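Report on the structure
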Amino acid sequence: MVLWKSIVLGIVQGLTEFLPVSSSGHLVVFSGLLKADSTLAFDVALHFGSLIALVIFFWGDIVGLFGGFLATFRGRLSHEEARKRNMFWLIIAAIIPSGVIGVLFSATIAKAFASLYVVAAMFLVTAALLFLQHFASTTRTIREVGWKDALAIGIGQVFALLPGLSRSGTTMSVGVYRGLKQEDAAHFSFLMAIPTIAGAAIFKLKDFLQAGMSSSALTDIGIGVVVSALTSLVAIGLLLKVARKGKMQWFALYCVAAAVFTFAAHYFGLI
């Protein structure tokens with residue numbers, strides 16, 4: 001792949017993985033526009049860059065959650081230890097549905113990526129989910145997330161396996177509909193993303209190792225990781241800032257524009 005195309009796709013992945021506009025949908029569209037044949041290794045590299053950004057940004061949460069896991073095997077716990085233990089298992093419960101469906105129906109889901117009309121339609125669904133957040137009553141914080149919330153958010157993530165339907169946008173929206181404040185719903189969504197992205201990368205690891213890599217591919221991978229990680233950090237901070245202000249409808253307008261562009265670009269043969 002040409003160097004500048006690797007950089008562009010790294011920026012697209014980093015920004016759209018965490019902004020609620022669908023990284024999978026954008027990568028399909030941009031790969032088509034750039035006539036870039038993204039390899040499995042490069043795709044894994046882009047997601048690994050996003051994972052690095054999550055670990056950096058939420059290191060304190062990760063340490064706390066690991067402590068919560070260890071607390072599972074101890075007897076008496078303080079209130080804070082019990083909260084961290086519960087949060088760890090709530091996140092695990094939330095990622096199980098998409099993990100199971102993703103493995104069992106990976107071939108079927110992959111076929112959806114071949115249709116740009118599906119991508120465009122899912123952009124519109126993402127827009128609707130984000131816009132409807134404006135009408136939800138949100139008073140709860142991440143400390144009040146329960147098992148019903150985690151299950152509902154996890155089911156939402158299953159549908160986000162489709163290209164164009166944003167993972168962060170869908171899980172955030174379900175959290176908001178369950179009464180979580182936008183910032184807290186975003187926080188929980190980001191914590192879910194850590195094992196979700198890591199699990200997806202591990203799932204592809206076998207194919208990744210069998211693919212083999214040339215020196216130019218190694219360059220693409222290195223660039224993809226760095227660019228994706230840096231832009232992901234920017235995207236995480238931006239989304240939390242917008243969520244804090246309760247202005248997720250801004251992204252809804254963008255998703256409508258992305259849907260119109262995708263429909264038009266495909267219709268006129270640009271992608």
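Look a little higher up for the structure.
Residues numbered from 1 in each chain as written. Predicted model: local features only at pLDDT ≥ 70, side-chain atom pairs only at ≥ 80, totals over all residues. Heavy atoms only, no water.

Scanning the chain from terminus to terminus reveals 13 helices and zero strands. Ordered by position from the N terminus, the helices and strands of the chain form the series α-α-α-α-α-α-α-α-α-α-α-α-α. The C-alpha radius of gyration of the chain comes to 18 Å, within 12% of the 18 Å expected for a compact globule of 271 residues. Across its three principal axes, the chain shows a C-alpha extent of roughly 60 × 45 × 35 Å. Residues classed as buried in the chain amount to 48% of the 271 residues present. (Helix = DSSP H or I, 4+ residues; strand = E, 2+ residues; numbered from the N terminus. Rg over C-alpha atoms; globule rule 2.2 N^0.38 Å. Buried < 20%, exposed > 50% of the residue type's maximum accessible area, 1.4 Å probe, protein only.)

Viewed as axis vectors pointing N to C, helix α8 (residues 147-159) and helix α9 (residues 167-177) meet at an angle of 150 degrees, and their least axial separation amounts to 8 Å. Here α8 is positioned roughly antiparallel relative to α9, judged by the angle of their axes. Crossing angle aside, the handedness with which α8 passes α9 is right-handed. Across the interface between the two elements, Ala152, Ile153, Gly156 and Gln157 of α8 pack against Arg167, Thr170, Thr171, Val174 and Gly175 of α9. (Axes fitted to C-alpha atoms, helices over the stretch in contact; angles between N-to-C directions. Parallel < 35°, antiparallel > 145°, perpendicular 65-115°, else oblique. Left-handed = near helix turned anticlockwise from the far one by under 90°. Contact = heavy atoms within 4.5 Å.)

With respect to the element layout, Thr126 can be found in helix α7 (residues 116-132). For Thr126, a relative accessible area of 1% corresponds to the buried category. Non-local contacts of Thr126, meaning those with residues more than four positions away in its chain, are made with Pro20, Gly164, Leu165, Ser166 and Cys255.

We now examine helix α2 (residues 23-34). Spanning twelve residues, α2 covers 16 Å between terminal C-alpha atoms, matching the ideal 16 Å at 1.5 Å per step. Counting buried residues in α2 gives nine out of twelve residues, a clear majority hidden from the surface. Of the residues making up α2, those classed as buried are Ser23, Ser24, Gly25, His26, Leu27, Val28, Val29, Ser31 and Leu34. (Expected span 1.5 Å × (residues − 1).)

Between α7 and α9, whose axes approach to 9 Å, the crossing angle comes to 30 degrees. Taken as axis vectors, α7 and α9 run roughly parallel relative to one another. Note that α7 runs across α9; the crossing there is left-handed. Note on element contacts: α9 touches α7 through Gly169, Thr170, Ser173 and Tyr177, opposite Ala128, Leu129, Leu130 and Leu132. Here the contact of α7 with α9 is built from residues that sort into five nonpolar, three polar and no charged. (Nonpolar A, V, L, I, M, F, W, Y, C, P; charged D, E, K, R; others polar.)

To continue, consider the layout of surface pockets. There is about 1,200 Å³ of room inside the largest pocket. Forming the walls of the largest pocket are 41 residues, and the residues nearest its centre are His47, Phe113, Leu161, Ala200 and Lys204. At the level of secondary structure, the elements contributing two or more residues to the lining of the largest pocket comprise α1 (3-18), α2, α3 (40-57), α5 (79-104), α6 (106-112), α9 and α10 (182-203). No other element matches the seven residues that α10 contributes to the lining of the largest pocket. In terms of residue class, the lining of the largest pocket is made up of 19 nonpolar, 17 polar and five charged. Together, Gly60, Asp61, Gly64, Leu65, Arg83, Lys84, Met87, Ile142, Arg143, His187 and Leu191 line the second largest pocket. Elements with a minimum of two residues in the lining of the second largest pocket: α4 (59-71), α5 and α10. The element contributing the most residues to the lining of the second largest pocket is α4, with four residues. Split into classes, the residues belonging to the lining of the second largest pocket amount to four nonpolar, three polar and four charged. (1 Å grid on protein atoms, 1.4 Å probe; cavity = no way out; pocket = protein on both sides within 12 Å on 5 of 7 lines; lining within 4 Å. Points joined across faces, edges and corners; volume = space filled by probe spheres on them.)

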